[in-house]
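The lines below spell out each chain.
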Amino acid sequence: MTPKTSERNFARRIDLTSLQLFVAVCELGSIGKAAEREFIAASAVSKRLSDLEATLGTALLYRHTRGVGVTPAGESLLHHARSVLFSLEKMQGELSEYADGVRGHVRVHASISAIVQFLPEDLGAFIRTHPEVKIDLEEHLSTEVVRAVAEGAADLGICNTGATVTELQTLPYRTDKLVLIVPKGHVLHAHEAIHFEASLDCDQVGLHTNSSIYIAMQQAAAKVGRTMKLRIHVTGLDAMCRMIHNGLGVGVMPQRAFELMHGVGELESIELLDDWATRRINLVARDFSTLPVTARLLVEHLTAEHNANQDT
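Now for a look at the structure at hand. (Residues numbered from 1 in each chain as written. Predicted model: local features only at pLDDT ≥ 70, side-chain atom pairs only at ≥ 80, totals over all residues. Heavy atoms only, no water.)

Considering the pattern of salt bridges
Side-chain pairs of opposite charge can arise where the charged atoms are in close proximity. Counted according to the given criterion, the structure contains eleven salt bridges. In this structure, Arg 37 engages Glu 27 in a salt bridge whose closest nitrogen and oxygen atoms are separated by 3.3 Å. With Arg 37 in helix H3 (residues 31-38) and Glu 27 in helix H2 (residues 16-28), the pair connects residues that are ten residues apart, well separated along the chain. Judged by its relative accessible area of 39%, Arg 37 falls in the partly exposed class. Among the residues examined, Glu 27 registers a relative accessible area of 41% and is labelled partly exposed. Residue Arg 82 pairs with Glu 27 through a salt bridge whose shortest N-O separation is 3.7 Å. (Salt bridge = Lys/Arg side-chain N within 4 Å of Asp/Glu carboxyl O. Helix = DSSP H or I, 4+ residues; strand = E, 2+ residues; numbered from the N terminus. Buried < 20%, exposed > 50% of the residue type's maximum accessible area, 1.4 Å probe, protein only.)

A few points about helix H10 (residues 237-245)
Along H10, the residues that are buried comprise Leu 237, Met 240, Cys 241 and Ile 244. Projected down its long axis, H10 shows its buried positions confined to an angular sector of 100°, all on one face. Of the surrounding secondary structure, the elements contacted by the buried residues of H10 are helix H6 (112-117), strand S6 (169-183), strand S8 (203-206), strand S10 (251-254), helix H11 (255-260) and strand S11 (267-272). Immediately downstream of H10, the backbone of Gly 247 shows phi near 85°, a positive value. (Arc of directions from axis to C-beta. Contact = heavy atoms within 4.5 Å.)

Comments concerning the packing of H2 against H3
The description of two helices packed together rests on the angle between their axes and the distance between the axes. Between H2 and H3, whose axes approach to 8 Å, the crossing angle comes to 125°. With respect to H3, the axis of H2 lies oblique. You can see that H2 and H3 cross each other, and the crossing is right-handed. Two secondary-structure elements touch here, H2 through Leu 21, Ala 24, Val 25, Glu 27 and Leu 28 and H3 through Ile 31, Lys 33, Ala 34, Arg 37 and Glu 38. For the contact of H2 with H3, the per-class residue count stands at six nonpolar, no polar and four charged. (Axes fitted to C-alpha atoms, helices over the stretch in contact; angles between N-to-C directions. Parallel < 35°, antiparallel > 145°, perpendicular 65-115°, else oblique. Left-handed = near helix turned anticlockwise from the far one by under 90°. Nonpolar A, V, L, I, M, F, W, Y, C, P; charged D, E, K, R; others polar.)

Concerning the environment of Lys 134
Relative to the helices and strands, Lys 134 is located in strand S4 (residues 133-139). Looking at Lys 134, the relative accessible area reads 29%, which means it is partly exposed. As for Lys 134 and His 105, which are separated by 29 residues in sequence, their C-alpha atoms are 4.8 Å apart.

What follows is the structure in structure tokens.
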């Protein structure tokens, strides 16, 4: 018997009802209590558990007068059984949405820059045109977005990919411009535009160490033989603005994001002349041509937005 044949036979011998009953017995520590909760005779529960042990060829429970305990093999099965039952519940929930009118489900992971600057309007317009499609959107660092797409945890990624993506496909989505944010009246604001190097004498308010913006800042400082005077790391652009407003340093963020949050503190922006300050935000997929129909519809919508912005 080949390994694959053995795996198929094993899957056929395990039934979901027995797994559900096994989990119930483990959680309650009693066959009788599990039988009451699941509305089934205790003898039937006991029989199913014995059959399950026979199928697996190992004892799953210690039976004693006060109830039952779980053997090491039972602990392992309990972990996997819970995972299987959770996946089935999730599948049922997603499939039930189709009965309620949902006709598609797209998993999207995106960077904070894409989410703050562009996606609210673009996804809003898509949903108004395709109200039957459900979009699950999660915010992650660009490196994590790329990893999620590569591993199949997301259908579509939207982020700054840099030059590191080789095994995935990309399409252009938007271009953004990074600027230096300083408190109102800061000495650097006497200049309309500067290179990032000019800010290195100032304390810096940085994003997460693995964010694409922070990595670019580090590389720019290293290129001129300097290090950043990092005062604090923050996880969001609004937090960065508040820290800068209160005198903790200066920071770098996308210009459009700053304009959208302009009411957060008395701040000013300065254009950065560095090449890396102009960035391309891409759509990322393992293979755009094999995406589900609804995901391809979303890609078409987002690339149309890109083309429209190129024309304006």
